[in-house]
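Each chain is listed here by its residues.
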Amino acid sequence: MSVNLDSIVQVIATRFKIDANRIVPEASFDELGLDSLSQIELALSLKKDLGISISDDELAQISTVSDIFKMVNKVC
Amino acid sequence: MKAIISGLGGWLPPEVVSNEHISSTLDTTPEWIETRTGIRERRNVTDGLSTRDLAVKAGRQALKSAGNCKVDLVIVASTCPDRLCPSVAPEVAALLGLGGVAAYDINSACSGFVYGLATATGFIASGVVESVLLIGSETISPFINPADRGTRPIFGDGAGAVVLRKGSKGEPGAIGPIDLGSDGSNAGLIVIPGGGTRQRSATGLGHDAEANEDWYVRMDGRATFVQAVSRMAQSAQNVLARANWGCADVDWFIGHQANIRILHGAANELGLPLCKVASNIDRTGNTLAASIPILLNDMVASGKLKPGHRVLMGAFGAGLSWGSTVLVWPDIPVETIA
């Protein structure tokens, strides 16, 4: 199973009410206005919407949208 | 036989502690605290006020709201009673002039109020009593490490109370299905290690034998956040299914005021619009077992929660423990909590 970038962008856009056009692969959490708690919130949304579980250690390595895409496709 | 909410009250100690004050002694800012918790200020006890004192104030308000009816049982839900023994409820009952009624404490941390509702419901359903005064009362500030950025901004002191009487299914205020749960394998996520028998049996008497930090609340914030969102959402789903309610039937989600982002996370999991998430955490902080009745009081006093509204109530706390219930809000008078 693989997850495309659009699906991840949609989860982020919906959960954090961000314009999807701003959610480009190189965008960092900081640039999107997201803080450390947002990583946890995103992990919960990825599990709920896409059925993907990301551990706390894996979460700590994420800083950009591209990182999320790579991590999601590594674990699923 | 059902338990019906027939009175509501609350009380907050007057000492207001702002984010600015906390930020002056910790490596944080008022904005950082507010964006991550939703909290702008909280109340702390001063001048020797204790859990018992706050319970009496809130209990008196709830009895007044219920028309100063008699009650057969007083339950105080608290994480931080005045001492290990005896429980504070008998003193509270005496100070409220309730005579020799049954009285005892329960401790299920932040879930204590929902556990208390379940306990009161059971007593009334079994016919052992006809009415209960249930008080959530917490003076957690003496247990908070002033140097801990993870807990110092979050917790506050306060008390809230309800009166429950026997009644019939379908009456406004009737406590609906209740879902309760626990996970002791995660007991270490939120804990006050000192003061109990485990340390005494290991180290003997004397504070010198224990680390100073053991007398304060410790919390793994990240793990607690994930557990709180997941457990509250799952418990709420369970109780909604048993009540045959959908999310669209809910007018207000009255959740334990742990952190506004936990509440929003749980609502997101449930598919509940954020406009249905009730909150007063900006002015109270997390008051543990007292948070739900204080929030109910604020919601009624402000006119947001009206008779006939359908309420989904949910809590999560140390233990771990969690619980949920539903009810249709009754028409009861309250006074504003200053």
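Attention here is on the structure that accompanies the text. Please read these numbers as outputs of a predicted model, since none were measured by experiment. (Residues numbered from 1 in each chain as written. Chains lettered and ligands numbered in written order. Predicted model: local features only at pLDDT ≥ 70, side-chain atom pairs only at ≥ 80, totals over all residues. Heavy atoms only, no water.)

1. Description of the pattern of salt bridges
Okay, step 1: One pass over the full model with this rule turns up 16 salt bridges over all chains.
Okay, step 2: The residue Asp35(A) makes a salt bridge to Arg261(B) at a minimum N-O spacing of 2.6 Å. Of the two residues, Asp35(A) sits in the loop between helix 1 (5–16) and helix 2 (36–50) while Arg261(B) sits in helix 8 (residues 260–270), which places them in two different chains. When sorted by exposure, Asp35(A) lands in the same class as Arg261(B), which is buried.
Okay, step 3: One salt bridge in this structure joins Arg231(B) and Asp183(B), with 3.1 Å as the shortest N-O distance. Taken together, the residues Arg231(B) in helix 7 (residues 221–243) and Asp183(B) in the loop between strand 8 (178–182) and strand 9 (190–191) connect sequence positions 48 residues apart.
Okay, step 4: Residue Arg231(B) is classed as partly exposed on the basis of its relative accessible area of 26%. (Salt bridge = Lys/Arg side-chain N within 4 Å of Asp/Glu carboxyl O. Helix = DSSP H or I, 4+ residues; strand = E, 2+ residues; numbered from the N terminus. Buried < 20%, exposed > 50% of the residue type's maximum accessible area, 1.4 Å probe, protein only.)

2. Some words on the pairing of strand 12 (residues 310–317) of chain B
On a regular strand, each side chain points to the face opposite its neighbour's, so the side chains alternate between the two faces of the sheet.
Residue and element names in this part refer to chain B.
Okay, step 1: Most of strand 12 is tucked away: seven of the eight residues are buried.
Okay, step 2: Across eight bridges, strand 12 lies against strand 13 (residues 321–328) in antiparallel orientation. Bridge pairing in strand 13 places Phe316 opposite Trp322.
Okay, step 3: Remark: three residues form the turn of the hairpin made by strand 12 and strand 13, two consecutive strands paired antiparallel; Gly319 in that turn has positive phi of roughly 145 degrees. (Pairing = 2+ DSSP bridges.)

3. Observations regarding the nonpolar core
Okay, step 1: Phe253(B) and Leu312(B) are the most contacted members of the largest nonpolar core, which has 41 residues in total.
Okay, step 2: Elements represented by at least two residues in this core include exactly helix 2 of chain A together with helix 7, helix 8, strand 12 and strand 13 of chain B.
Okay, step 3: Phe253(B) has contacts with Met232(B), Leu263(B), Ala266(B), Leu272(B), Lys276(B), Val277(B), Ala278(B), Leu312(B) and Gly314(B), leaving out every residue within four places of it along the chain.
Okay, step 4: Judged by nonpolar contacts, the second largest core, of 36 residues, contains Ile106(B), Ala118(B), Val162(B) and Ile254(B). (Core = buried A, V, L, I, M, F, W, Y, C linked by side-chain atoms within 4.5 Å. Contact = heavy atoms within 4.5 Å.)

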